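Spelled out from the first residue to the last, the chains are:
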Amino acid sequence: MTTAQTQELDVQPSPLALLLLGREADPRSERGVECPGDLPSPSDPDLVARARAAKEKLGDKVFVLGHHYQRDEVIQFADVTGDSFKLARDAAARPEAEYIVFCGVHFMAESADILTSDDQKVVLPDLAAGCSMADMATAEQVAECWDVLTEAGIAEQVVPVSYMNSSADIKAFTGKHGGTICTSSNAKRALDWAFEQGEPSTSKVLFLPDQHLGRNTAVRDMGMSLEDCVLYNPHKPNGGLTTEELRAAKMILWRGHCSVHGRFSLDSVNDVRERIPGVNVLVHPECRHEVVAAADYVGSTEYIIKALEAAPAGSKWAIGTELNLVRRLANRFAAEDKEVVFLDKTVCFCSTMNRIDLPHLVWALESLAEGTLVNRIEVDKETEAFAKLALERMLALP
């Protein structure tokens, strides 16, 4: 149907359609979509040179962080690469940098702002680069959940543990209620600590917002059963659970997930084993439990990279994580005679992470070089204080 035909039919785009097109904004979301100023054209042949010139002009005043899932065109300008928490700590270790340009997503930039000094300014090149998982737990929903736990008489037994992939509001809630943050690398240590905060027989954890990391860590790494875990659905009364179910559970898992890692299935694992005899299946712990159970190795993005570095020549690997990283690893290790393939046949980029493209990066760097601060991510002081408390508890983990 043409534009003229839709106008004749008086068809109006929905708010969701406008949001996906990068127009309008959703005030209930952790992110906005407005991008003031004119972006360079993606077809501009001078984009790389412009980015390089702006970065050189800024010198030590700018520090560019690149998450592992970023496009190659962006990652080439990163001063450091890594996962979200490593990058936030790297930013805090560079106090001389006035501007931290975070090529990642919104919650990552928030964490960088929390951990850096007040004099440093964190910039996200595209404000629409959010995280669907982080958006699955809002402050209002989590406060309502805590009311449900209080009415069930178990709130005092519950310690919240929130994944790094959460908004500053959720991190602040966690800090305020005596909990800690975790990464995919230290989730077991965080859960061990949480269960030690009360009586072993009655202690419980509210795990936010990724159900799969919580379930996989509890069952695979800590020896719990699937029956020890219940799923709290914020869109259902009482979370869709009875008081008895809440009282009997050890792990209260939030109904959230990663839209990328959640796509991998048991069929994906079985199919790649048939296609590539002798393949090693290595997946991220944000994958579904049945995928993790069928894999040979499970670990964070940093773990995945190190595992491939240590792998012998001639080995074959099917990786279950974001495609930008897998493709980069495949190119890197081909020279060492290591075959690296994507676990699924379907292309699976992180759509919001991919919003940070070269035009947005050039626009942000050139604006800063001209003395114009754009797209600053700034967490309010009260939220920052409680969120930092939760992060500090994680840093203090043995």
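Heads up: the structure comes first, above all this text.
Predicted model, so just to flag it, every value in this text is computed and none were measured.

Another aspect to go through is the sheet that holds strand β6 (residues 180–182). In spatial order, the strands read β6-β5-β7-β9-β8; together these five strands make up an open sheet with parallel pairing. Bordering the open sheet on either side are β6 and β8 (229–232), each of which pairs with just one other strand. Here the strands of the sheet are splayed against their neighbours by 25 degrees on average, with no regard to which way each runs. In this structure, β8 lies alongside strand β9 (residues 251–254), joined through four bridges in parallel fashion. Residue V230 lies in a different strand from β9, and its bridge partner there is I252.

Attention now goes to the pattern of salt bridges. One pass over the full model with this rule turns up 18 salt bridges. Here E98 ties to K61 by a salt bridge, and the two come within 3.8 Å at their closest N and O atoms. With E98 in the loop between α5 (84–92) and β3 (99–103) and K61 in the loop between α3 (47–58) and β1 (62–67), this pair connects stretches of sequence that are 37 residues apart. Residue classification places E98 among the partly exposed residues on the basis of a relative accessible area of 28%. According to the relative accessible area criterion, K61 is partly exposed, its value standing at 38%. Among the salt bridges present, the one from D90 reaches K86, with a minimum N-O distance of 3.0 Å. Here K86 and D90 lie together in helix α5, a separation of four residues that amounts to about one turn.

The element helix α9 (residues 168–176) is largely enclosed, with a buried count of seven among its nine residues. For α9, the elements touching its buried residues are α6 (106–115), α8 (139–151), β5 (158–163), β6, β7 (204–208) and α18 (381–395). Just beyond α9, the residue with positive phi is G178, at close to 80 degrees.

What counts and how
Residues numbered from 1 in each chain as written. Predicted model: local features only at pLDDT ≥ 70, side-chain atom pairs only at ≥ 80, totals over all residues. Heavy atoms only, no water. Pairing = 2+ DSSP bridges. Helix = DSSP H or I, 4+ residues; strand = E, 2+ residues; numbered from the N terminus. Axes fitted to C-alpha atoms, helices over the stretch in contact; angles between N-to-C directions. Salt bridge = Lys/Arg side-chain N within 4 Å of Asp/Glu carboxyl O. Buried < 20%, exposed > 50% of the residue type's maximum accessible area, 1.4 Å probe, protein only. Contact = heavy atoms within 4.5 Å.

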